[in-house]
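Observations on chain architecture
The chain contents come next:
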Amino acid sequence: MRVHVPRLRALVALLAVVMVLLSACAQIPRSGPVGKSKDESAGNSNAPVFFPAAPRAGASPEAVIEDFYMAGSGYEDDYPVARQYLTQAQSVTWKPDKRALVFREAQVVKTAVENEYVYELDLAYSVDADGIATQYPPGTKESIPVSLDQVEGEWRISKVPDGTAIPEETFKVIYGAYPIYFYDPTFTYAVPDYRWFIKKKTVKSMTSALLAGPAPYLRGAVVSAFPSGMKLARESVPVVSGAAQVDLSAKELFDASAEDRQRMQNQLALTFRSQPDVINVQLRADQDLVRVDDDGSVLPPVVDKSVPARQIAVNNGDLVRYENNRVSPLPDIQSVAGLGPHAPAESPVSQTVAFLNGDRTTLYSIEPGQPARQLTTRSTLTGPSFSPHDWVWTAGPGASGATEVVAFKPTGVAPGMAIPNVTVSPVWLSGRTVKDFRVSREGTRALVISEANGKTAVQVAGIVRNPDGTPKDLTAPITLLTSSSPDQGVWVNGSTVAVMASSATGTVVPELLSLSSGDPQQLAPWDGLTGLSAGNGSEQIYGQSAAGIFQRVGNGWELQLKGPTEPAFPG
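Attention here is on the structure that accompanies the text. (Residues numbered from 1 in each chain as written. Predicted model: local features only at pLDDT ≥ 70, side-chain atom pairs only at ≥ 80, totals over all residues. Heavy atoms only, no water.)

With antiparallel pairing, four strands are arranged side by side in an open sheet as β23-β24-β25-β26. Strands at the two margins of the open sheet, each flanked by one partner only, are β23 (385–386) and β26 (421–424). (Pairing = 2+ DSSP bridges. Helix = DSSP H or I, 4+ residues; strand = E, 2+ residues; numbered from the N terminus.)

In this structure, Phe182 sits in strand β9 (residues 175–183). With relative accessibility at 1%, the residue Phe182 sits in the buried group. Between the C-alpha atoms of Phe182 and Ala225, which are 43 residues apart in sequence, the distance is 8.0 Å. When residues no more than four places from it in sequence are discounted, the contact partners of Phe182 are Tyr189, Ala190, Val191, Asp193, Arg195, Leu210, Gly213, Pro214, Val222, Val223, Ser224 and Gln267. (Buried < 20%, exposed > 50% of the residue type's maximum accessible area, 1.4 Å probe, protein only. Contact = heavy atoms within 4.5 Å.)

What follows covers the nonpolar core. Phe226, Val246, Leu248, Leu253, Met264, Leu268 and Phe272 are the most contacted members of the largest nonpolar core, which has 48 residues in total. With five residues, helix α6 (residues 202–212) is the single largest residue contributor to this core. In terms of nonpolar packing, the next biggest core, distinct from the first, is built from 41 residues, Tyr69, Val102, Leu123 and Ile174 among them. (Core = buried A, V, L, I, M, F, W, Y, C linked by side-chain atoms within 4.5 Å.)

The strand order across the open sheet built from four strands is β38-β39-β40-β41, with neighbouring strands paired in antiparallel fashion. The open sheet has two edge strands with one neighbour each: β38 (531–534) and β41 (556–561). Within this sheet the neighbouring strands show an average axis-to-axis angle of 30 degrees, counted without direction. In this sheet, strand β40 (residues 548–553) lies alongside strand β39 (residues 541–545) in antiparallel orientation, the contact comprising four bridges. Each residue of the ladder has a partner; that of Tyr542, found in β40, is Gln551. (Axes fitted to C-alpha atoms, helices over the stretch in contact; angles between N-to-C directions.)

This part is about the side chain of Gln262. Along the chain, the position of Gln262 falls in helix α8 (residues 258–271). Gln262 gets classed as buried once you look at its relative accessible area, which sits at 6%.

Within helix α2 (residues 61–70), 10 of the 10 residues are buried, which leaves it mostly tucked inside the rest of the structure. If you check which residues of α2 are buried, you get Pro61, Glu62, Ala63, Val64, Ile65, Glu66, Asp67, Phe68, Tyr69 and Met70.

Time to look at the environment of Gln351. Mapped onto the elements, Gln351 comes out in the loop between β19 (342–346) and β20 (353–356). According to the relative accessible area criterion, Gln351 is partly exposed, its value standing at 38%. The spacing of Gln351 and Arg99 is 252 residues in sequence and 48 Å in space, taken between C-alpha atoms. Discounting residues that sit within four places of it in the chain, Gln351 has contacts with Pro331, Ile333, Ile366 and Pro368.

Looking now at the pairing of strand β32 (residues 488–491). Judged by which residues are buried, β32 turns out to be covered on both faces: Gln488 and Val490 on one side and Gly489 and Trp491 on the other are all buried. Pairing of β32 with strand β33 (residues 496–500) involves four bridges; the strand directions are antiparallel. Each bridged residue has a counterpart across the sheet, and for Val490 the counterpart in β33 is Ala498. Where β32 hands over to β33, the hairpin turn is made up of four residues, counted between the paired strands.

Here we take up the pattern of salt bridges. All told, the structure shown has 20 salt bridges when counted by the stated rule. One salt bridge connects Arg291 with Asp293, and the closest N-O pair in it is separated by 3.5 Å. The same class applies to Arg291 and to Asp293, which are both exposed. Arg438 is the partner of Asp436 in a salt bridge, and the nearest nitrogen-oxygen pair spans 3.1 Å. An identical accessibility class is assigned to Asp436 and Arg438; each is buried. One salt-bridge network, held together by shared partners, links Glu168, Lys172 and Asp519. (Salt bridge = Lys/Arg side-chain N within 4 Å of Asp/Glu carboxyl O.)

When you tally the buried positions in strand β16 (residues 311–315), you get five out of five residues, the bulk of the element. Alternating residues of β16 divide into Gln311, Ala313 and Asn315 and Ile312 and Val314, and every residue in both groups is buried. Pairing of β16 with strand β17 (residues 318–323), which is carried by five bridges, proceeds in the antiparallel orientation. Across the sheet, Gln311 pairs through a bridge with Tyr322, a residue of β17. Counting the residues between successive antiparallel strands, the hairpin from β16 to β17 contains two residues, one of them, Asn316, with a positive phi of roughly 55 degrees.

Pasting the structure below:
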């Protein structure tokens, strides 16, 4: 027997939400010893609260299963309504915060075993206990086994896995995507790690997730000021008069250097900056305040590193600078017109430039006052991309034909001397052809667009480095869903990329893909877009066609200049 749970039911449940508007942020007292305190559920005080329906007398097993999962929206006070659908023993052991499965559609399916069913989902997301979300394309199936018994004549669930399952529409109301922050290995840049938390319980959830460490795709690529094993000393993070009181295990906190404690406080302050009730952070040990003295030796990390306003481009067969809608020569760079430069890139920290030859088989670099140097030759190469550490990256087939990602550091290497280089062959790229490879502005992540068997994947991997900064490996990536099959992409900021499937003759619809949202944002269509570049933010996106260079303006494109081609911001 199959009982369908229609999308309409989820919408009706949404319409039945009772919005409990709690008091707004308390004003900080100007006198007196007592402050306004919020407990461990501190977060968005205006977040909606769901009051799901209690069990109905005489409900069928199928209806009990449906209603139990619909009651998963009632998270306040530890899911009291949902527990009413469980037997007493199961109610005690069920852990709803273990994970959340988010579905587009769901149905109850009876198995051949008496009183055993499966809740069959078209899975949109899964969110683990640390808020790490995995997105799935439509048609992804997940089956949850459920067993029932009769208790005083009413069906109750006697066995069910930990976690909840809620409709996608409900999920988007209850949960929000929030960045927790880690550092690049030099502690220079802040790197966002987006997590999904219940909006009313964010402060404690953020703290626990931060202490647990980065998401898998960032492990090894970023670092934390909090040592492994450090935990909350109490299961709450109260916010008192705007101060988030983070009570940590005393030994690890006192063993940390003053510099590390300052970095801990900075890391928490960045993580909490999305929370309107949090003004500052207090580190505590056994509830006693631990002073964090700022002597100026620890600089706050750079958030959302920007790129210079200039672009490098090709004009009349040679490399040029494109800035303020004008073209000028690259300072002190010799002509490379004889090499037929394409896909140029410029270092964000030096004047080093890299480019491909006309048939995109050879990678060159060039520095002021020096001739161009050949870095590698392969059957095909992706356009070069620089990290802030002056490593320039590209990808292409190796000697055996297998995909390799290579990085070179040509800056400051005297003519005739060997250029440091690294080759990595991640297992997850086996059998795939890399279409584009772009390093993030802070250098800890890479946007990788690859194809296998006619299917394209847009992914973000972490860049693992040795202690001296030399690249070592790429982590297993996360996948960003897109409605097209892009062949190129660029970083727009620290959490967003723009991608497109280029075409010299057809209409192209670029998309913005965000680490904080599962829904691609389509930009205005434009005919014949063959190139894409991005500066600082979504208003500084440029497209290239035979008609010239266009900039995104509002919901359209505006011609900037005809002549130069293949513009690219530093990086």
